[in-house]
Amino acid sequence: MTYSITKAEQELQSRREGLNLRWYPRYHLAARAGWMNDPNGLIWFDGWYHAFYQHHPYSTQWGPMHWGHARSKDLVHWEHLPVALAPEGPEDKDGCFSGSAVVDGDTLALIYTGHKFHGDPDDEANLYQVQCLATSRDGIHFVRQGMIVDTPPGLHHFRDPKVWREGESWYMGCRARDGETGQGRVYRSANLREWQDMGVLAVAEKEMGYMWECPDFFMLNGKRVLMFSPQGMAAEGFKNRNLFQSGYLLGEWQPGQPFVREGEFVEMDRGHDFYAPQSFLTPDGRRIVIGWLDMWESSQPEQEDGWAGMLSLPRELTLSADNRLQMRPARESEGLRGAWFPWPVSTLNNQQMTLLERCDAMEVILQWDCANSSAEQYGMSLGEGLRVYVDAQMQRLVLERNYPQYGLCGTRSVALNLDNTLSLRLFFDSSSVEVFVNEGDACLSSRIYPEAGRREINLFGWVAQRYYSKPEPGSWSDDFQFIRMVSLQ
């Protein structure tokens, strides 16, 4: 099949009319129709935030990648724009893979991976991945400039360029796979077109996976942050429970030198669905990150509805005094708020109560007095398929989803100090939940698929098989200092 932007737009217009919107997001960015995965080219340009993303307009399955495109004035209300890139050249004939965007004077430049096979696509020896450039003056229509970096000798997997400016030079970080070892490579340029190979930035140790996808490299509070999505890391206890992870290393780097890491790899989001995060700077200097709110090889029930995949809320990154990366909802998310619904709950005694009969798009803010609670489990549920709760015996906050009809069951969790007050912000959308813990200490994000008639929000507090006839008044309770809910528009 021959691909083009015109054909992609025609396909999207036709498919859009037949979508089932039961789980389509109210305030997250999703494709107009078809498949979406990694965010690409997040950038502020000419008065707009731009988000590009990996996109297959022709089906709800991964296929020859295009770059979808949307823009926003406030990071939460998005306007869809025409497809920006289609695999229509010799350098990217089998897909326009992930990449980044930079502003070069009055030009918006997209740097992306051209994916192509020289021969039988079933033979990996025929795979070549090169880095390509496309430019635009209006931020909507792009002129392809062709290949700018060829595949290094002996490699085949070589992709996901992240470009940044430092001093008088542009730098490009790419991820490569040498046998079963992941590595990061660095290039330097004066003009975005001719690039000098500066060698290997970092090599994955044995436990760090065979491929580091979608790299990002930036400064935060004086530290270099190497953010990436490793493939091939083994699960260990409560860590690395997903097929692939997304996280970061802190360290030091100077041009021409290897990256010197400080500390261990840390996961950024401990939910079921978060991958390939990319960051950018706002005009006021904040570092914002957006990820793909899905996971490879996970069931996506919305595929039968004509679309698949969505992006996370924008999240502001900061570095704590003890060098921990923290993520909070970007302040722009407050612009979604409608009317508040305060709930005067103080104590639950082995009971469940309904707060809201139907939740489609809602932010919930809770503060729990953990130190004065004697309940074994207490928290919040959405319908029959989602529970977010404190497990006092494990001393963990647990996100549990149970949709056996879609093959989506299991828990993810983070450790808690139950001597402290627990503060949560939960963002519910039609098919997602994002839980922000203690002002950025942790985050859990998962896709959810509640039935149309089972979208009620409940609070509960239980003690498992500990009373003989009935609980004593005031025992086995959890104290809710406050709960506020707000509809999102």
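Everything that follows concerns the structure shown earlier in this document.
Definitions and limits used
Residues numbered from 1 in each chain as written. Predicted model: local features only at pLDDT ≥ 70, side-chain atom pairs only at ≥ 80, totals over all residues. Heavy atoms only, no water. Pairing = 2+ DSSP bridges. Helix = DSSP H or I, 4+ residues; strand = E, 2+ residues; numbered from the N terminus. Axes fitted to C-alpha atoms, helices over the stretch in contact; angles between N-to-C directions. Buried < 20%, exposed > 50% of the residue type's maximum accessible area, 1.4 Å probe, protein only. Salt bridge = Lys/Arg side-chain N within 4 Å of Asp/Glu carboxyl O. Contact = heavy atoms within 4.5 Å. Polar contact = N/O pair within 3.5 Å; in protein donor to acceptor, adjacent residues only side chain to side chain. Disulfide = S-S within 2.5 Å. Patch = residues over 30% accessible without salt bridge, like charges linked within 9 Å, V, L, I, M, F, W, Y side chains within 5 Å. Areas by Shrake-Rupley, 256 points an atom, 1.4 Å probe, with all protein chains shown as cover. Lys, Arg positive; Asp, Glu negative; His and termini not counted. Charge placed at Lys NZ, Arg CZ, Asp CG, Glu CD. Phe/Tyr/Trp six-rings, centres within 6.5 Å; stacked < 30°, edge-to-face > 60°. Lys NZ or Arg CZ within 6 Å of the ring centre and 35° of its normal. Core = buried A, V, L, I, M, F, W, Y, C linked by side-chain atoms within 4.5 Å.

Visitor: For this particular structure, what's the right way to read the sheet that holds strand β5 (residues 96-104)?
Guide: In a beta sheet, neighbouring strands pair by backbone hydrogen bonds and run either parallel or antiparallel. Strand order in this open sheet of four strands is β5-β6-β7-β8, and the pairing throughout is antiparallel. Bordering the open sheet on either side are β5 and β8 (143-149), each of which pairs with just one other strand. Geometrically, the sheet is characterised by an average inter-axis angle of 30° between neighbouring strands, direction not taken into account. In this sheet, strand β7 (residues 127-136) lies alongside strand β6 (residues 107-117) in antiparallel orientation, the contact comprising 10 bridges. Across the sheet, K116 pairs through a bridge with Y128, a residue of β7.

Visitor: Help me understand the pairing of strand β17 (residues 275-281) in this model?
Guide: Two faces, one strand: in a regular strand the side chains alternate between the faces of the sheet. Summarising burial for β17: six of the seven residues are buried, a large majority. Two elements, β17 and strand β18 (residues 287-292), share five bridges in a ladder whose sense is antiparallel. If you follow L281 over to β18, its bridge partner there is R287. Following β17, the chain reverses through five residues before pairing antiparallel with β18; G285 in that reversal takes a positive phi of roughly 90°.

Visitor: How should I be thinking about the pattern of salt bridges in this particular structure?
Guide: Per the counting criterion, the structure on display carries 38 salt bridges. The partner of R144 in a salt bridge is D92, and the shortest N-O contact between them spans 2.8 Å. Of this pair, R144 sits in strand β8 while D92 sits in the loop between β4 (78-85) and β5, and the two are 52 residues apart along the sequence. A residue is classified by how much of its surface remains accessible, and R144, at 24% relative accessible area, is partly exposed. A cluster of three or more residues bridged by salt bridges with shared partners is formed by D284, R286, E316, R331 and E332.

Visitor: What's the story with the environment of E180 in this structure? I'm lost.
Guide: Here E180 lies in the loop between β10 (169-178) and β11 (181-189). By relative accessible area, E180 is classed as exposed at 56%. When neighbours within four sequence positions are excluded, E180 is seen to be in contact with G209 and Y210. For E180, the side chain forms a polar contact with the side chain of R177, separated by 2.8 Å.

Visitor: Looking at this model, I keep getting lost on the state of the cysteines. Mind explaining?
Guide: Two cysteines joined by a covalent bond between their sulfur atoms form a disulfide. Enumeration over the complete set of coordinates arrives at zero disulfides. Of all cysteine sulfurs, the one in C96 lies closest to C132, which takes part in no disulfide; the gap is 7.5 Å. Looking at the unpaired C174, the closest cysteine sulfur is the one in C132, lying at 11 Å. What makes C174 buried here is its relative accessible area of 0%.

Visitor: It is not clear to me how the environment of S430 should be interpreted in this structure. Could you clarify?
Guide: With respect to the secondary-structure elements, S430 resides in the loop between β30 (421-429) and β31 (432-437). When its relative accessible area of 2% is taken as the criterion, S430 is described as buried. When the C-alpha atoms of S430 and R26 are compared, they prove to be 6.6 Å apart, with 404 residues separating the residues in sequence. Those residues in contact with S430 that sit more than four places away from it in its chain are R22, W23, Y24, P25, R26, D360, I448, P450 and R455. There is a polar contact of 3.2 Å between the side chain of S430 and the backbone oxygen of Y24.

Visitor: What exactly am I supposed to notice about a negative patch on the surface here?
Guide: Taken together, the side chains of D120, D122, D123 and E124 define an acidic patch exposed on the protein surface. With respect to the secondary-structure elements, D122 resides in the loop between β6 and β7. Classification of D122 by relative accessible area gives exposed; the value is 73%.

Visitor: It is not clear to me how unusual backbone geometry should be interpreted in this structure. Could you clarify?
Guide: In terms of backbone geometry, most residues other than glycine have negative phi values and most peptide bonds are trans. Unlike most non-glycine residues, E297 shows phi in positive territory, near 65°. Along the chain, the position of E297 falls in the loop between β18 and β19 (307-308). A positive phi angle, near 65°, is found at N323, a position not held by glycine. Of the residues examined, N323 reaches a relative accessible area of 34% and is grouped as partly exposed.

Visitor: Hey, could you run me through the sheet that holds β18 in this one?
Guide: If you walk across this open sheet you meet the four strands as β17-β18-β20-β21, and the pairing is antiparallel. Lying at the two open borders of the sheet, with one neighbouring strand each, are β17 and β21 (325-329). If you compare each strand with its neighbour and ignore which way they point, the axes differ by 35° on average. Looking at chain direction, β18 and strand β20 (residues 315-319) are connected through three bridges and run antiparallel. Each residue of the ladder has a partner; that of V289, found in β20, is R315.

Visitor: Would you mind going over the environment of G453 with me for this structure?
Guide: The residue G453 is located in the loop between β32 (442-447) and β33 (457-462) in this model. For G453, a relative accessible area of 64% corresponds to the exposed category. Considered as a pair, G453 and E357 are 96 residues apart in the sequence and their alpha carbons are 9.3 Å apart.

Visitor: How do you make sense of the packing of aromatic side chains when you look at a structure like this?
Guide: Per the counting criterion, the structure on display carries 27 aromatic pairs. Lying across the ring of Y24, R16 places its NZ or CZ 5.1 Å from the centre. Between the NZ or CZ atom of R22 and the centre of the ring of W23, over which it lies, the distance is 3.8 Å.

Visitor: Before we go on, may I ask you to explain the nonpolar core in this structure?
Guide: In globular proteins that are soluble, nonpolar side chains generally tend to be buried together. Grouped together as the largest cluster of nonpolar side chains are 53 residues, with contacts concentrated most on V364, L397, F428 and V435. Among all residues touching V435, those that are not within four sequence positions of it are V388, L397, L399, L424, R425, L426, A442, C443 and L444. Membership of the second largest hydrophobic core comes to 24 residues, among which are A51, I288, W292 and L311.

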